[in-house]
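# Residue-level structure breakdown
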Amino acid sequence: VNDPLAAVLREIVGTQNVLVDPGIRAAFETDWTRRFHGVSRCVVRPGSADEVAMVLRACAAEHAAVVPQGGNTGLVGGGVPRGGEVVLSLLRIDGIEHIDPHLGEVTCGAGLTLGALNEAAGAHGLRLGVDLAARGSATVGGMVATNAGGINVLRYGMMRSQVLGFEAVLANGSVIDRLEGPAKDNSGYDLGQLLAGSEGTLAVITRLRLRLVPVLPHSAVALFGAPTPEAAIDLAQRARAHFDDLEAAEFFLPEGLDLVRHHTGASNPFRRRWAMYVLFEIASRKPDVLERFAEFMDTVPGLGEGQMDGTFAQDAMDRKRLWALRERHTEAINSEGVPVKLDVAIPLARLPRFLDEVRGAVTSFAPSARAIIFGHLADANLHVNILGADGHEEAVTGSVLRLVAALKGSISAEHGIGIAKSHWLGLTRSPQDIAVMRAIKRALDPEGILNPGVIFTDTARPVTPPARRR
Ligand code: FAD
Ligand code: MLT
Ligand code: ZN
């Protein structure tokens, strides 16, 4: 292959770490949902911040666009090329440098997966406070870049709340080292917080110092069937008020339960069909978790009288079984086809209205499409997954997101904007907001090298075409 840039990159990272073979590159070029795909110029896999800096300088010199990539589990198309960019994979920068069990901190490479981090931290009775179903592949760098949320946000916050320090490389190759330092530090702008949720458009994150939380030895999981969304919301609010150690309050709907059961062979925990299912988890150092759940159930009106139903897990297997009904939605949906995935937030009080209207918003543009909806109830974060929108993806996206905007929600609660929603940013961010964001982007990446087209449509630019292959 005669691309001169690839030759320069080989000098920096070694021949084996510049992937040009289309078969080997393929896994880096299509996203997890299979909806987004682009042919890269090459995939480069640096092993250190210095190598990342040299790679970015080489790319900037050629005016070549770069797509940073971690575990490629992102759901908005921001981690795969649109066509002709260099994919900069962080997966080789995955070392665990230090775990401080007393302070509850880890210093590690951005390419470390959540699963590997938790395995190592688990030896010290610790884990990351953010957890999500993609834990086996999602990297901590990608999780900071998307400000990932997941299932424990109500207790520990989103990914930005875990960041204590970082190292990152700007588009011009300069390295920002804010890895060490005191927890309290108000000496100027907080650059780490700026990178959280920046989706690879401002800098490449290379190392992180992250807060860890204790692995709590006793946990209890309960699943409820509620007759209406209003009753489910009321239940969630009761649980929040009742428990001071609630760590998850998740929901799904009957169509989603059917789909997961069909996909996994799981049995139905309830005899009848409910309008909304709510899963709670509490976790504690104290062993009385099951007793406390039983007490809570006694306070729920209508439970045991046919107006609501509830079941709780007796052991670890049971907990896993109940969680699977919620967590396996994503893969069950993907096994049915390529979904349009919309991750939105709605003010909690308007959630029932959204659920009433969203199906109409979908079918008015794609009559045979179906929406599978589930998510993080405590955060009023809904994952609207549309199957069968073939050919009407943008129209359906616009229709649902306009409804979200009308209800004063957000078009992205936790997955980011990526390229999937860049056309719709103006629906829930003001022109003033967007002007400030653009100014930040220009200041940090004036040449528009990093992740063009992500967040802002018009940063997309014609990229250097891949060199002709022999
Ligand atoms: P990638 O997909 O590789 O990249 C994501 C974005 O971050 C891209 O824009 C990329 O350019 C940028 N990026 C990646 N690494 C870096 C870096 N080192 N420096 C700068 N930019 C970088 N998300 C949630 O928030 N909550 C969930 O509950 C959740 N559950 C999921 C469940 C499943 C089954 C799947 C497949 C995904 C889920 N996700 C969830 C989405 C996804 O896992 C997260 O967005 C995750 O944070 C992405 O990490 P990654 O390493 O795979 O990043
Ligand atoms: C989840 O909460 O399971 C995710 O964010 C993944 C998805 O939306 O499919
Ligand atoms: Zn989610």
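Residues numbered from 1 in each chain as written. Chains lettered and ligands numbered in written order. Predicted model: local features only at pLDDT ≥ 70, side-chain atom pairs only at ≥ 80, totals over all residues. Heavy atoms only, no water.

Moving on, we come to the site of ligand 2. Every residue close to ligand 2 is listed here: L75, R326, T330, K341, F374, H376, H383, E414 and H415. Here T330 contributes a side-chain N or O atom positioned 2.8 Å from an oxygen atom of ligand 2. Summarising the interface, the protein chains cover 88% of the accessible area of ligand 2, which totals 270 Å² for the free molecule. Of the pockets mapped on this structure, ligand 2 occupies the largest pocket. Of the residues belonging to the shell around ligand 2, the class tally is two nonpolar, four polar and three charged. (Near = heavy atom within 4 Å. Polar contact = N/O pair within 3.5 Å; in protein donor to acceptor, adjacent residues only side chain to side chain. Areas by Shrake-Rupley, 256 points an atom, 1.4 Å probe, with all protein chains shown as cover. 1 Å grid on protein atoms, 1.4 Å probe; cavity = no way out; pocket = protein on both sides within 12 Å on 5 of 7 lines; lining within 4 Å. Sits in = over half its atoms within 2 Å of the grid points. Nonpolar A, V, L, I, M, F, W, Y, C, P; charged D, E, K, R; others polar.)

Strands sit in the order β14-β11-β13-β12-β16-β17-β15 across an open sheet of seven strands; the sheet is antiparallel. With partners counted over all chains shown, the strands left at the sheet margins are β14 (309-312) and β15 (340-345), one partner each. The mean inter-strand angle of the sheet, taken between neighbouring strand axes irrespective of direction, is 15°. In this structure, strand β11 (residues 218-226) lies alongside strand β13 (residues 276-284), joined through nine bridges in antiparallel fashion. Each bridged residue has a counterpart across the sheet, and for A220 the counterpart in β13 is I282. In this fold helix α8 (residues 229-242) packs onto β11, β12 (246-252) and β13, with an angle of close to 10° to the strand it touches most, β13. (Pairing = 2+ DSSP bridges. Helix = DSSP H or I, 4+ residues; strand = E, 2+ residues; numbered from the N terminus. Axes fitted to C-alpha atoms, helices over the stretch in contact; angles between N-to-C directions. Contact = heavy atoms within 4.5 Å.)

Pairs of packed helices are described in terms of their axes, by the angle between the two and the distance that separates them. Interhelical geometry of helix α13 (residues 351-363) versus helix α14 (residues 393-406) gives an angle of 155° and a closest axis separation of 9 Å. On the basis of the axis angle, α13 is roughly antiparallel to α14. Seen from above, α13 lies across α14 with right-handed handedness. Facing F354, E357, V358, A361 and V362 of α13, the residues of α14 in contact are V396, S399, V400, L403 and V404. (Parallel < 35°, antiparallel > 145°, perpendicular 65-115°, else oblique. Left-handed = near helix turned anticlockwise from the far one by under 90°.)

For the rest of this paragraph, the subject is helix α9 (residues 254-264). The complete set of buried residues in α9 reads P254, G256, L257, L259 and V260. Buried residues along α9 sit against β12, β13, α11 (316-327), α12 (329-334) and β16 (370-376). Of the residues trailing α9, G265 is marked for its positive phi of about 80°. (Buried < 20%, exposed > 50% of the residue type's maximum accessible area, 1.4 Å probe, protein only.)

Mean pLDDT over the protein: 95, with 97% of residues reaching 70 or higher. Here residues 463-470 scores under 50 on pLDDT; set against residues more than four positions off or in separate chains, the count is 19 contacts. (pLDDT = per-residue confidence, 0-100.)

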